[in-house]
Amino acid sequence: MIGTLQNGLAAIGRPALDGLAAIGRITLFAFSVVSHLLRPPFYPREFLTALVQIGWFSLPMVGLTALFTGGALALQIYSGGSRFNAEAVVPSIVAIGMARELGPVLGGLMVAARVASSIAAEIGTMKVTEQIDALVTLSTNPLKYLAVPRVLAATLAVPVLVAIGDSIGIMGGWLVGITRLDFNSAVYIANTVDFLEFWDVASGLVKGAVFGFIVALMGCYFGMNSGRGAQGVGAATKSAVVAASIMILAANYLLTEAFFTS
Amino acid sequence: MITLSDVHKSFGPNRVLCGINLSIAKGESLVIIGGSGTGKSVLLKCILGLVRPDKGIITLDGQDVTRADRDAFLARFGMLFQGGALFDSLRVWENVAFSLLRGRAALPADQAREIAIEKLRRVGLKPATADMFPAELSGGMQKRVGLARAIAAEPEVIFFDEPTTGLDPIMAGVINALIREIVVEMGATAMTITHDMTSVRAIADKVAMLHDGLIRWSGPVGDLDSTPDPYVQQFIHGRAQGPIESVR
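Okay, so let's go over this structure.

Parameters at a glance
- Residues numbered from 1 in each chain as written.
- Chains lettered and ligands numbered in written order.
- Predicted model: local features only at pLDDT ≥ 70, side-chain atom pairs only at ≥ 80, totals over all residues.
- Heavy atoms only, no water.
- Pairing = 2+ DSSP bridges.
- Helix = DSSP H or I, 4+ residues; strand = E, 2+ residues; numbered from the N terminus.
- Axes fitted to C-alpha atoms, helices over the stretch in contact; angles between N-to-C directions.
- Contact = heavy atoms within 4.5 Å.
- Buried < 20%, exposed > 50% of the residue type's maximum accessible area, 1.4 Å probe, protein only.
- Patch = residues over 30% accessible without salt bridge, like charges linked within 9 Å, V, L, I, M, F, W, Y side chains within 5 Å.
- Areas by Shrake-Rupley, 256 points an atom, 1.4 Å probe, with all protein chains shown as cover.
- Salt bridge = Lys/Arg side-chain N within 4 Å of Asp/Glu carboxyl O.
- Arc of directions from axis to C-beta.
- 1 Å grid on protein atoms, 1.4 Å probe; cavity = no way out; pocket = protein on both sides within 12 Å on 5 of 7 lines; lining within 4 Å.
- Points joined across faces, edges and corners; volume = space filled by probe spheres on them.
- Nonpolar A, V, L, I, M, F, W, Y, C, P; charged D, E, K, R; others polar.

### Thoughts on the sheet that holds strand β10 (residues 214–220) of chain B
Strands in a sheet are paired, the pairing made by backbone hydrogen bonds, and the direction either parallel or antiparallel. Residue and element names in this part refer to chain B. Strand order in the open sheet formed by six strands is β6-β7-β8-β3-β9-β10, and the pairing between neighbours is mixed. Unpaired on one side and paired on the other, β6 (77–80) and β10 mark the two borders of the sheet. Going from strand to strand, the sheet's axes swing by 15° on average, the running direction of each strand aside. With four bridges joining them, strand β3 (residues 29–33) and strand β8 (residues 189–193) adopt parallel strand pairing. Along β8, the bridge assignment pairs Ile32 with Ile193. Packed on one face of the sheet, helix α9 (residues 230–237) meets β3, β9 (206–211) and β10 and runs near 100° to β9.

Written out as structure tokens, the structure reads:
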């Protein structure tokens, strides 16, 4: 009886301890990356390459996601609002919803799927093909050369993607509003502009920066700790996307709590 | 001179190195032989600091490698990795000139490119190769580029990890000859790990055999065939029967 109880507790305790240890390792890795941000040597070429890869090439995916989300949001708000004769709130709620929540969260999740996986797979492959060892023998710190430029690039690029995504999402709502819901275009735009406040947009951009940091950090961490062979790289890629997605959702709650509750 | 004294390394319950004692004189070419999975690469990585030994001391010219200034220490080494370990995202010349383009004594790109092309020529590759990406090269060409990168900064010590693995016999012969020529020409200390006996005879001044985590035998390459050591004899003749278990 006691043995069964001990086994049951151990089955809970072991993964809990492993999880805490992993959180500790990721935290130390994050501190290490941040501490190297301001210390030379710097790798501007790697930073610019990462900026293009993460920012520019994610633009179509983030834009399409925002466009369809904005449209769907307008339909949902119209449908829900009609129960209270509040159809007129569509422009303002679409704008606030996109800027505060859906723009950064969906943008962050889409970038996590695309970027965290690609960073983890690239760095994981470099690890299993000894390219990371080769960097060390060439007197280059792999963390500084591989992780720092990517984390910095993602932290700067994702807020820009979020800003563009917000605009496209609001435009998606406007398109649906004037074509399907009989809104007057000028009134829709005026309502959007009048109700949207600076902090609605700024809070989303701050969230975007945090989500970008998380995405690149997870990609680099799991890539650099990848196991051997194709299976190891595959597992690292999967873990990077899962961890980044969960951390984005958790960080989103904490940031919303910090920004919007008095 | 590189000296290893009582070096131990385990991975979990797997004891890989169990007290290695070995020395490599300046300008000497040492080849370490041994079966797959006997810890040859781990030994090499311990010297470079890529793997931290559990116990023991490794010195380079009398200085403990773990206490040396890391950048200055690594600047004295060049390494040819088993698979080449070329950086996929960089062109061939950027791979070769990697250490010349970075660090405190970084050269201008034009000058580094010139040196890279010269090193490529030294390993028998045409200048046109310089602007290609590693994925566009054959296995033998990748090995040559790896060799050019290893010698680009004219290191004092060069490590070769399985330099002929995966190559056809003719290309393996070319790589062996290149390694020997370059080591003699540069006066560098060389340490090669391989289980290719043709490479051993082409490259080595001295041979050491690693088995069960220990240096089983070491001596001049000329004594390799005449040593009565049954482990060495089984290994160099590739016999299935003998003291070395064929299933590891």
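### Let's talk about unusual backbone geometry
With an omega of 5°, the peptide bond between Pro40 of chain A and Pro41 of chain A qualifies as cis. Examined against the element boundaries, Pro41 of chain A turns out to sit in the loop between α1 (2–37) and α2 (44–54). In this structure, Glu130 of chain A is a non-glycine residue whose phi angle is positive, near 65°. Looking at the secondary structure, you find Glu130 of chain A in the loop between α4 (90–128) and α5 (131–137). Glu130 of chain A sits in the buried class, given a relative accessible area of 14%. Phi is positive for Glu154 of chain B, which is not a glycine, with a value near 50°. With respect to the secondary-structure elements, Glu154 of chain B resides in the loop between α6 (139–151) and β7 (157–161). Its relative accessible area of 56% is what places Glu154 of chain B among the exposed residues.

### With respect to a nonpolar patch on the surface
Residue and element names in this part refer to chain A. Among the surface-exposed residues, Leu5, Leu9 and Ile12 lie close enough to one another that they form a single nonpolar patch of about 340 Å² accessible area. Tracing the sequence through the fold places Leu9 in helix α1. Relative accessible area serves as the criterion here: at 54%, Leu9 is assigned to the exposed category.

### Observations concerning α2 of chain A
Residue and element names in this part refer to chain A. Here α2 has its buried residues at Glu46, Phe47, Ala50 and Ile54. Down the axis of α2, the buried side of the element spans an arc of 100°, and every buried residue falls inside it. The secondary structure elements touched by the buried residues of α2 are α4 and α6 (142–180).

### Here we look at the layout of surface pockets
Roughly 1400 Å³ of volume is contained in the largest pocket. Arg228 of chain A together with Phe11, Ser41, Val42 and Lys45 of chain B are, among the 46 residues lining the largest pocket, the residues nearest its centre. Those elements giving two or more residues to the lining of the largest pocket turn out to be α4 and α5 of chain A together with β2 (14–24) and α1 (40–48) of chain B. For the lining of the largest pocket, the class distribution of residues is 15 nonpolar, 18 polar and 13 charged. Considered as a void within the structure, the second largest pocket measures approximately 900 Å³ in volume. Lining of the second largest pocket is provided by 34 residues; of these, Leu138, Ser139 and Thr140 of chain A together with Asp71 and Gly103 of chain B occupy positions nearest its centre. When residues in the lining of the second largest pocket are grouped by element, the largest group, four residues, is from helix α2 (residues 70–74) of chain B. The residue makeup of the lining of the second largest pocket, split by class, is 18 nonpolar, eight polar and eight charged.

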